[in-house]
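Given next are the chains, with one letter for each unit.
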Amino acid sequence: GVGVGVGVARALARTLNGRHCDGPRLRFAPQPRTLDIMKTAVLLSALMAPAAAFQAPRATRRSPMVMQATPAAEASAATAATGAEEPLLLRAAKGQVVERPPVWMMRQAGRHMKVYRDLVPKHPTFRERSENPELSYLISMQPYEAYKTDGVILFSDILTPLPGMNVPFDIKEREGPVMEPWLTMDKVNTMTLLDPVKSMPFVGETLRALRKEVGNDATVLGFVGCPYTLATYMVEGKSSKEYLEIKKMMHTEPELMHKMLQNLAENIGNYANYQIESGAQVIQIFDSWASHLSPFDYDIFAAPYQKMVVDAIKKENPDVPVIIYINKSGALLERMRDVGVDIVSLDWTVDMAEARARLGEDVGVQGNLDPGVLMGSKDTITERTLDILKKAGPKGHVMNLGHGIEAATPEENAKHFIDTVKAYRH
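What counts, and at which threshold
Residues numbered from 1 in each chain as written. Predicted model: local features only at pLDDT ≥ 70, side-chain atom pairs only at ≥ 80, totals over all residues. Heavy atoms only, no water. Salt bridge = Lys/Arg side-chain N within 4 Å of Asp/Glu carboxyl O. Helix = DSSP H or I, 4+ residues; strand = E, 2+ residues; numbered from the N terminus. Buried < 20%, exposed > 50% of the residue type's maximum accessible area, 1.4 Å probe, protein only.

Peer 1: Honestly, the pattern of salt bridges in this entry has me stumped. Any pointers?
Peer 2: Charged atoms that come close allow side chains of opposite charge to pair. For the structure on display, the rule yields 16 salt bridges. In this structure, the salt-bridge partner of Asp342 is Lys314, at a minimum N-O distance of 2.7 Å. Taken together, the residues span a long stretch of sequence, with Asp342 in the loop between helix H17 (333-337) and strand E7 (343-345) and Lys314 in helix H16 (residues 303-316) at a distance of 28 residues. Overall, the relative accessible area of 26% leaves Asp342 in the partly exposed class. One salt-bridge network, held together by shared partners, links Glu85, Arg91 and Glu99.

Okay, here's the thing in structure tokens:
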């Protein structure tokens, strides 16, 4: 109701001003805000009231899978019973001192591998490949079988949950995602509550199969897109370079923008927990396009909704590590840390030693080799990889690229990168 909405709005407004949050203290910026807190309270309380039809009682939002023994619960029980160690990457993500740095690559499953490209003519659409559990499992396992990465990430897309919210889309092989733009409150009010068990059973099936196959030899990662980045596709209708339509909406119809983000945040938090219940041991959240925002707008339209997703995960699964990644995020590291994640994934434009100094010892880091280095010689790959490993130190580091691996990357170079990391000792 409106009373609850006012309370939520006031808490969110305090968060935006860096004075309060439930959990790690937010430190978005030390200077005074020009944002009017009471306007934010009134605005968001109004948004919460019409959202009542969108929301459902907490009991109905929980996946029926929690009534059964989930893969996560079964694996935890088996690990405890046998005394076996948790997988290397999971231990590192939890901040434990480990025997060597774990390593995986963003976009490791996909176009740079010939075995994947050979599947494309038989299964020509991305959605078929990612929404068929047998294919998704096969593709997710391809880089693990080729390189023995320490992480196995679900082959999927950040837009996959949208149809379950009544937001249809398609992915064109050369264009990328396309959909009808969402530009009115009437249309946003047609968004529905996500039930991933019904709308995306293939995700649960794939994660359960991956967890069963790799056991404690690798960590299974799930991932979700953050509300602002998902909203860019909904408002623009496709990928964008300038993001002018969504910026226009932010500044001319902020109520509409916040309503869309609120709906997305609740659904994405629920979806992340479904992935964990199905077997994911680490969740990476992507707000890839949030770096196009000014710091002022980032604190209003991106960070609070990132935090809503992280809080939803931590409420249900407090021990599951959460990683955040934003492309070109050098100016945002402290803001990324302060939404309550366990690991900040760095892009390649930030020096690892400088990032460590800025972030402090209480949060881990992931990354951050420039994917372009994998186009070079093996000596160059070795040199640049070792430089990052030395600067990152022996604790709280997951080695990765600073962005997804490029499609033209030679597989032998990708393998050399993985092998270099696995041979390294601090």
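Peer 1: Before we go on, may I ask you to explain unusual backbone geometry in this structure?
Peer 2: Backbone geometry follows two general trends: most residues other than glycine have a negative phi, and most peptide bonds adopt the trans configuration. Geometrically, the link from Gly367 to Asn368 is a cis peptide bond, its omega value of 5° lying close to zero. In this fold, Asn368 is placed in the loop between strand E8 (364-366) and helix H19 (378-392). One non-glycine residue, Asn166, lies in the positive phi region at around 70°. Mapping Asn166 onto the fold places it in the loop between strand E1 (151-153) and strand E2 (170-172). Unusually for a residue other than glycine, Tyr243 sits at a positive phi of about 60°. Its location among the elements puts Tyr243 in the loop between helix H12 (227-236) and helix H13 (244-252). Judged by its relative accessible area of 3%, Tyr243 falls in the buried class.

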